[in-house]
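A closer look at the structure
Each chain, written out:
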Amino acid sequence: MAQIRIDSLRKDFGAFTAVQSSSFTIEDGEFFMLLGPSGCGKTTTLRMMAGLEMPSAGQIYIDGEEVGRKPASQRDIAFVFQMFALYPHMNVRKNISYPLISQGMGRKAARAKVEEVSRILGIEDILDRPVGGLSGGDRQRVALGRAIVREPKAFFMDEPLGALDAEFREHMAEELRALHDRMGATTVYVTHDQLEAMQMGDKIVVMNHGVVEQFGVPQEIYDWPATLFVAKFIGSPPMNFLSFEGRVAPGDALVTLGSVEMAIPQLREGFAGEMVLGVRPEHVRLDDGSDYRAVVRAVEYLGTTQIITLEAEHGEVKARISSRDPVRVDQTTGLAFNERTLTLFDAGTGRALRSAVNEEVLRHG
Amino acid sequence: MSGYSITEPSPRQKWVAGALVALYAIITILPLVWIIATGFKSSADAIAYPPKVVFAPSLEGYVNLFTTQTRQTAEYFAANPPETWYERIVQSKGLTIAGPSRFGERFMNSVIIGFGSTFLSVFLGTLAAYAFSRFKVPLKDDLMFFILSTRMMPPIAVAIPIFLMFRSLGLSDTHAGMILLYTAVNLSLSVWLLKGFIDEIPHEYEEAALIDGYTRFQAFTKVVLPQAATGIASTAIFCLIFAWNEYAFAVLLTSGTAQTAPPFIPTIIGNAGQDWPAVAAGATLFLLPVMVFTILLRKHLLRGITFGAVRK
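The name an unreviewed UniProt entry gives chain B is Carbohydrate ABC transporter membrane protein 2, CUT1 family, with Alloyangia pacifica as the organism. Per UniProt, chain B carries the Sequence similarities (unreviewed entry) text "Belongs to the binding-protein-dependent transport system permease family." UniProt lists a comment for chain B under the heading Subcellular location (unreviewed entry), and it reads "Cell membrane".

Per an unreviewed UniProt entry, chain A goes by Carbohydrate ABC transporter ATP-binding protein, CUT1 family (TC 3.A.1.1.-) and derives from Alloyangia pacifica. Taken from UniProt, the Sequence similarities (unreviewed entry) comment for chain A reads in full: "Belongs to the ABC transporter superfamily."

This paragraph deals with the domain arrangement of chain A. Residues and elements named next belong to chain A. Annotation of chain A at the domain level lists domain 1 (4-223) and domain 2 (228-364). On a C-alpha basis, the centres of domain 1 and domain 2 stand 37 Å from each other. Secondary structure elements with two or more residues in the side of domain 1 that touches domain 2: strand 9 (203-208), strand 10 (211-216) and helix 7 (218-223). Here the residues of the side of domain 1 that touches domain 2 sort into three nonpolar, four polar and three charged.

Residues and elements named next belong to chain B. UniProt feature "transmembrane region" (unreviewed entry): in the numbering of this structure it lies at residues 15-37, 111-131, 143-164, 176-194, 223-244 and 276-297. Secondary structure within residues 143-164 divides into 59% helix and 0% strand; the distance between the first and last C-alpha atoms comes to 27 Å. The span residues 176-194 shows a helical share of 100% and a strand share of 0%, and its end C-alpha atoms are spaced 24 Å apart.

This part takes up the environment of Asp7(A). Residues and elements named next belong to chain A. Within the secondary structure layout, Asp7 lies in strand 1 (residues 4-13). Separated by 52 residues in the primary sequence, Asp7 and Gln59 place their C-alpha atoms 5.1 Å from one another. Leaving out residues up to four positions away in the same chain, Asp7 has contacts with Ser23, Gly58 and Gln59.

Next up on the list: the confidence of the model for chain B. Residues and elements named next belong to chain B. A residue-level look at chain B finds 94% of positions with pLDDT of 70 or above and a mean pLDDT of 87. Across chain B, the secondary-structure element scoring lowest on mean pLDDT is helix 17 (residues 298-306), at 63, and the one scoring highest is helix 6 (residues 103-134), at 95. Confidence over residues 306-312 falls short of pLDDT 50; this stretch has six contacts with residues more than four positions distant or in other chains. Both scores are available for the predicted complex, with the pTM at 0.77 and the ipTM at 0.77.

What counts and what doesn't
- Residues numbered from 1 in each chain as written.
- Chains lettered and ligands numbered in written order.
- Predicted model: local features only at pLDDT ≥ 70, side-chain atom pairs only at ≥ 80, totals over all residues.
- UniProt positions renumbered as here; feature names shortened; annotations may be inferred.
- Domains from an automatic or database assignment.
- Helix = DSSP H or I, 4+ residues; strand = E, 2+ residues; numbered from the N terminus.
- Nonpolar A, V, L, I, M, F, W, Y, C, P; charged D, E, K, R; others polar.
- Contact = placed C-beta atoms within 7 Å.
- pLDDT = per-residue confidence, 0-100.

And the structure:
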C-alpha cells in the first residue's frame, strides 16, 4: 500500500524529450490511469516509476521515500507487461512462484502462496501447464498472479489488456477492477484507450507530447477539459469546437458567434483573439427556436441515441440526441447548447479559460 | 484439367521434388559411403579396378591407423604366435606391431582444440552479443561492422603474420595457441549470429526478472540464456565444424604436440605406401564427433537456421 508522488519528472533520449516535467500524486489505494496517445510519454513515465528507466531529472517518491535511483528490485512494486512477459521456459506454477523464490521464500511457503493466488484468479487447474499453450486471458491471469503473489506496495500495468481481443478485454477490465478493489493496493495503469481509462480509473492523468495536460477524476476531465487536446482526446465522438474571433472580459456570461449571442458560464478571466467554444455532443439540442442555424449532413443511428452531423457557420457540430426525434439529411435547424457545460478555449495555446464552473478543476489540474 | 491449388503441390510436383531430394541425398552421401566402405577394405580391395562394391570386410585399415608396424622373419612368428585378432591381421602381411601410432593423440588434440575454441567462441560471443543487443554501446554499428569485417577476407590471407606472431609469442604448436586462433576467427560469426537470436528475445522478460528481484546478471543467466539456447546450440555447431575441419592453419602452425587430426591423416599416405584403408578409417573416425554433436543438437539446429527468418 503506497502513496506515489512524481515531482518534475523528466526523461530525455538523446535530443528527444519523452517526458518533460511531469508532476502528480497517486494516493494510497487508488486505481490511477496514465492516458494518452502513443508516444506521449505515459509508458516512459511508468517505466521510470518502476525503475526500468533512469529519470533525467526530477524525483519519484514511494511512501515519501525518494526512489528515483533505486533498482527496480528494491522498490517493492510489481509490473504487468502488455505482452505479459511470462517466462516461456517455465510452467504456470514456476512463473507465479518466481518472485517469491527470488526473495528467498521457502518452497513450501511459496507453494501455499501460489495456490492461494491461483484460487483468487481461478487458475488452479492450469498451474502445471506450460505457458506456451495458454489463451490470452489465462496468460493475463498468470501475469497478474505473478504480480500479486508478492503483495507489493503497488502494481504498475502497461496496457495489460492491449493484447486481448475486444470481447475479452471488457471482461478482463472488470476482473482487474474487482481484483484491485479486493486487494486495495495502489495501481498505476497505462492505456491509450480513453474508454478504458474512464471505465476503470479513480483518477486519470492525460499526457501528450511528454506533458501532463490534465490530472483529475474522470468526470472532471470529461466535463471540464483543461486543454483542447484533452477535449478532443476524451469522449466519442469528441467535443465539438466552434472557432471564432472575439473579445471577452472577466464576468462575461455571453459570447457572440457571428450574429448570435450565446450564454456561457460566467468567465473568471478575459481574452481577446481567436477562441474556440467547446461543447459535448450530448449537450447539443436541435431547437428550431434558436437563431444559430445549421444544416444536417449525416445521421448515424446507434439504437437509443443517434449522432447527427451538422454544418454550422463556425464548424462541424455533432449532436447526440434521442433516436426518437425525426431528423432528415439536408434539413436546416437551429442549435441550442446547454450553457452550464460549455468551455471556452484560447485557440492559440489550447488552454481553457477559467469560468465559474471549471475554475476549481483547473486550479488543481 | 485436374484441380489446381497454390498451396498444395500436385502429385506430379511432389514426385519430382521427392526425386530431386533423393538425387541430392545420394550425391552427398555417396562419398561418405565410399570413405566408410574403404575403411573396411583390405589394401588390395581398396585399389582394385574396377572398384569393388562387394568385398570381404577387414579391419586392416583401422589396425594400421592405430599402430606402427615393422617387418619380421618367419622364425620370429614361429617363436611368437599372434595372441590377438589385430596381431593376426598384421602378421598375415609378414609384419608385427611396434607400438601405437600417433592418431589417438592427434585425435585428442582435435577434440581439445575444437571443443575448447567452440566453448570459448560461444561463451564470449554470447556475452558480447548480449551487450550489443541490450546496452547503449558507443559506436555500436561501427563496432559490429568491424567485427564482421574480420571475416571478409579468407583467414589464410593473414597466415604469415600470424605464423610470425605465434612464433615470437611462443604459441606455435600449442593447444592454447590453436584455441586462441580458432576462437578469434569464429568470434565474429558467433557475435553476429547470437546477436540476432538475442535481439529476438523480448527485453520484457529481463525487465520482469529485474522487478521480480533479480540482478541484471541473474536475469541474463536465468531468463536470457534458456531463451537463447537454440541460438547458442546452432552457433556452437557452426563454430565446431569450422574449428574441427580447419586444415591450412593446422598444417602451418602445428607439427608435434598440438597437431590436430586433419594435417595428420594425409601423412599416413607417406609412411607405409598408399595405405588408403587406413586413411579412410581415420577420416571415418574423424567424422564421428561432429556427427554426434550435430545429431544431439539437431532439434535446435533446424529451428536455429530458420529462426528470425519469419517475424511472428
